[in-house]
Amino acid sequence: MSGNMGITFRVMINSISDGIYICNSQGYCIAHNDAFLRITGIPIDVVGRHVKTLIDDNLISDSATLEVIRSGQRVSKVISYPSGCEALVTGNPSFDEEGNLINVVCEVRDLSELSTLKDELKYSNQLNKQYREILKNYDPTSVNSSQKITTRDPKMRSILDELPRIGDSDATVLIHGESGVGKGLIASLLHEHSNRSIKGKFIKVDCSAIPSSLIESELFGYEGGAFTGARREGKAGLLDKANHGTAFLDEIGELPLFLQVKLLSVLQDHKILRVGGNTPLSMDIRFVCATNRDLEKMVDEGTFRKDLFYRLNVIPVVIPPLRERKEDIFMLTLSFLDKFCQKYHRSLSFVPEAMDSLYEYSWPGNVRELENVVERLVVLSQTGLIEKADLPEKIRRANQAVVLPEIDLIRRKERKIIPLKAAVAATERQSIERALQQNINLGSAAQALSIDISTLLRKCKKLGITRAAASAEMR
Ligand SMILES: Nc1ncnc2c1ncn2[C@@H]1O[C@H](COP(=O)(O)OP(=O)(O)OP(=O)(O)O)[C@@H](O)[C@H]1O
């Protein structure tokens, strides 16, 4: 610090991170702290100099001090300095007991630092609030509170609307859809919607996960001594466990041909025959099957039985891939974020650029992939914000542009959903460029936009808008 002040005062004033600049009642600088020099980059000793000479020497663009001396009131101004920084300078008058001005103390706040921090904090608070509100008001279709399905997609909603009716019937359902779209979830909801959930269980069998040599005995069970290594007392199969309930046969396209015949007879006769057994056992099972393969093509190729296909496909349910219901990406992301934040006791939000990238990505692994990505981000995140840089590279590459040009915005409008941040940025850019082009100075441009100059400067900096670029843009 410079100036003729006591040591305690010097230590105190230098512990402040904002710049402090003190003038006497005539406008001569009597002291300043170290932060003042760091922020302003003024290369000369200003103590003893009149502020007017600093303006004349182009060291400051304006003076709050002169305005305070003139008006006797607290004054704030945005002032540019040789460091290239723009600062919000607030001049505070101090008076003696008779009300005479003694000196003017100016606080110099680096707007770029301040606005970045403020923006981040404000934005993160806004997002958190917004997310919580959406989740609070959103009514996910929930069944018995154990399973929740999140969707806004019209096709998905019509499937959900049909679920109670399909659940009530005992007809066989074949769910078609890519891996990870939620076929298992829909199947379990069907069970929960039926009165089978009261008297029986939901048993899932992944036909692709059980080796073909074991699948028959796993499904149908076996009698004692049916084969080498079999238990002496025999064993009930998974279908036994589904008695009075629902058997969900996932990846049904992987079922070997010989078992397709056996399954067909179960569907027709409602009886199962254990491996090595002679007496068929009556079973009351509702079958829901799922596949990510084109079963009709497999029928044509002779790898899937036609009669079984028609027997299974009584009620077909087709679940669209996530890339065809982009509206769901936002909702699902927030829903998974909430779930994993609760699980891992974290509090996190996505910055808009990260959300844009999630939106743009094609999600070949569908909802499961999204769920896994969000869980990983929640576990690995070290700050309260998930940024674009935190996303896996393949997702980051899906969206390089942060601020979308208007043309892209229109193209996106046609696809109905525009990420909120991109829409706001494009609209802000357009209004600011127009205001800068149509107004002679920053003050009137800010007035036209109904914001103050510091906000205008901050937004210009953030969006990379200069007056020259704005004028060129509008021509
Ligand atoms: N709409 C949704 N809302 C909430 N969670 C969902 C939704 N769809 C899928 N999920 C979740 O995504 C994950 C994958 O879903 P699911 O296992 O049902 O997919 P799948 O189509 O059966 O996959 P696969 O074909 O590989 O067996 C699960 O954790 C599931 O809970």
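Details of the structure are given in the entry above.
Bear in mind the structure is a predicted one, so any value in this text is a computation, not a measurement. (Residues numbered from 1 in each chain as written. Predicted model: local features only at pLDDT ≥ 70, side-chain atom pairs only at ≥ 80, totals over all residues. Heavy atoms only, no water.)

*Asks:* Run through the overall build of the protein chain, naming residues and quoting values.
*Replies:* On a plain count of helices and strands, the protein chain comes out with 22 helices and 19 strands. With 475 residues in all, the protein chain has 44% of them scored as buried. A fraction of 63% describes how many contacts in the protein chain between residues 6 or more apart in sequence connect residues 24 or more apart. When the accessible surface of the protein chain is summed, it comes to about 24600 Å², and 50% of that surface belongs to carbon and sulfur atoms. (Helix = DSSP H or I, 4+ residues; strand = E, 2+ residues; numbered from the N terminus. Buried < 20%, exposed > 50% of the residue type's maximum accessible area, 1.4 Å probe, protein only. Contact = heavy atoms within 4.5 Å. Areas by Shrake-Rupley, 256 points an atom, 1.4 Å probe, with all protein chains shown as cover.)

*Asks:* With reference to specific residues and values, describe a negative patch on the surface.
*Replies:* Side chains of Asp294, Glu296, Asp300 and Glu301 sit close together on the surface and give a patch of like negative charge. Tracing the backbone through its elements, the reader meets Asp300 in helix H12 (residues 295-301). (Patch = residues over 30% accessible without salt bridge, like charges linked within 9 Å, V, L, I, M, F, W, Y side chains within 5 Å. Salt bridge = Lys/Arg side-chain N within 4 Å of Asp/Glu carboxyl O. Lys, Arg positive; Asp, Glu negative; His and termini not counted. Charge placed at Lys NZ, Arg CZ, Asp CG, Glu CD.)

*Asks:* I'd like a rundown of helix H16 (residues 366-380), residues and numbers included.
*Replies:* Between its terminal C-alpha atoms H16 stretches 21 Å, which fits the 21 Å expected from 15 residues at 1.5 Å a residue. Every buried residue of H16 is accounted for by Asn366, Val367, Glu369, Leu370, Val373, Val374, Glu375, Leu377 and Val378. Those residues of H16 that are buried are in contact with helix H14 (327-344), strand E18 (349-350), strand E19 (385-386) and helix H17 (393-396). (Expected span 1.5 Å × (residues − 1).)

*Asks:* Could you give an account of the site of the ligand, naming the residues involved and the relevant values?
*Replies:* Around the ligand sit 18 residues, and of these Ser179, Lys183, Gly184, Asp250 and Glu371 come closest. Contact distances for the ligand include 2.6 Å between an oxygen atom and a side-chain N or O atom of Lys183. The side chain of Asp250 places a nitrogen or oxygen atom 2.9 Å from an oxygen atom of the ligand. In isolation the ligand exposes 630 Å². Once the protein is present, 85% of that is buried. (Near = heavy atom within 4 Å. Polar contact = N/O pair within 3.5 Å; in protein donor to acceptor, adjacent residues only side chain to side chain.)

*Asks:* Describe in detail the packing of H14 against H16, supporting the description with residues and values.
*Replies:* Packing of H14 against H16 brings their axes to within 9 Å, and their N-to-C directions diverge by 45 degrees. With respect to their mutual orientation, H14 and H16 come out oblique. Relative to H16, the crossing made by H14 is right-handed. Seen from H14, the contacting residues are Ile329, Leu332, Thr333, Phe336, Leu337, Lys339, Phe340, Cys341, Lys343 and Tyr344; seen from H16, they are Val367, Leu370, Glu371, Val374, Glu375, Val378 and Val379. Here the residues of the contact of H14 with H16 sort into twelve nonpolar, one polar and four charged. (Axes fitted to C-alpha atoms, helices over the stretch in contact; angles between N-to-C directions. Parallel < 35°, antiparallel > 145°, perpendicular 65-115°, else oblique. Left-handed = near helix turned anticlockwise from the far one by under 90°. Nonpolar A, V, L, I, M, F, W, Y, C, P; charged D, E, K, R; others polar.)

*Asks:* Describe the packing of helix H9 (residues 212-220) against helix H11 (residues 257-269), naming the residues involved and giving the relevant values.
*Replies:* Running from N to C, H9 and H11 cross one another at 15 degrees; their axes reach a closest spacing of 10 Å. Judged by the angle between their axes, H9 and H11 are roughly parallel. Handedness of the H9/H11 crossing: left-handed. In this structure, H9 uses Ile215, Glu216 and Phe220 to contact H11, whose residues at the interface are Phe258, Leu259, Lys262, Leu263 and Val266. Across the contact of H9 with H11, the residue classes break down as six nonpolar, no polar and two charged.

*Asks:* Before we move on, can you summarise the side chain of Thr151 with the specific residues and values?
*Replies:* Of note, Thr151 is situated in the loop between strand E8 (147-149) and helix H6 (154-168). One polar contact links the side chain of Thr151 to the main-chain amide nitrogen of Asp153, over a distance of 3.1 Å.

*Asks:* An account of the sheet that holds strand E16 (residues 286-291) is requested, with residue identities and associated values reported.
*Replies:* Strand order across the open sheet formed by five strands is E10-E13-E16-E9-E17, with parallel pairing between neighbours. Only two strands of the sheet have a single partner each, and these edge strands are strand E10 (202-206) and strand E17 (315-318). Averaged over all adjacent pairs, the angle separating strand axes in this sheet is 20 degrees, with direction ignored. Two elements, strand E9 (residues 173-176) and E17, share four bridges in a ladder whose sense is parallel. Looking across to E17, one finds that Leu174 is bridged to Pro316. (Pairing = 2+ DSSP bridges.)

*Asks:* Would you mind going over the pattern of salt bridges in detail, with residue names and values included?
*Replies:* The full count for this structure, using the stated rule, is 21 salt bridges. The shortest N-O distance in the salt bridge between Glu371 and Lys339 comes to 2.6 Å. With a gap of 32 residues between them, Glu371 in helix H16 and Lys339 in helix H14 connect regions that are remote in the sequence. Note on Glu371: relative accessible area 21%, which makes it partly exposed. Measuring nitrogen to oxygen at the nearest pair gives 3.6 Å for the salt bridge that ties Arg397 to Glu393.

*Asks:* How would you explain the packing of aromatic side chains if you had to name every residue and give the values?
*Replies:* The final tally for this structure, using the stated rule, is six aromatic pairs. Ring centres of Phe202 and Phe248 lie 5.9 Å apart, and the angle between their planes is 20 degrees; on these two criteria the pair is classed as stacked. Residue Phe202 is found in strand E10, and its partner Phe248 is found in strand E13 (residues 246-250); the two are separated by 46 residues along the sequence. The exposure class of Phe202 is partly exposed, given its relative accessible area of 26%. (Phe/Tyr/Trp six-rings, centres within 6.5 Å; stacked < 30°, edge-to-face > 60°.)

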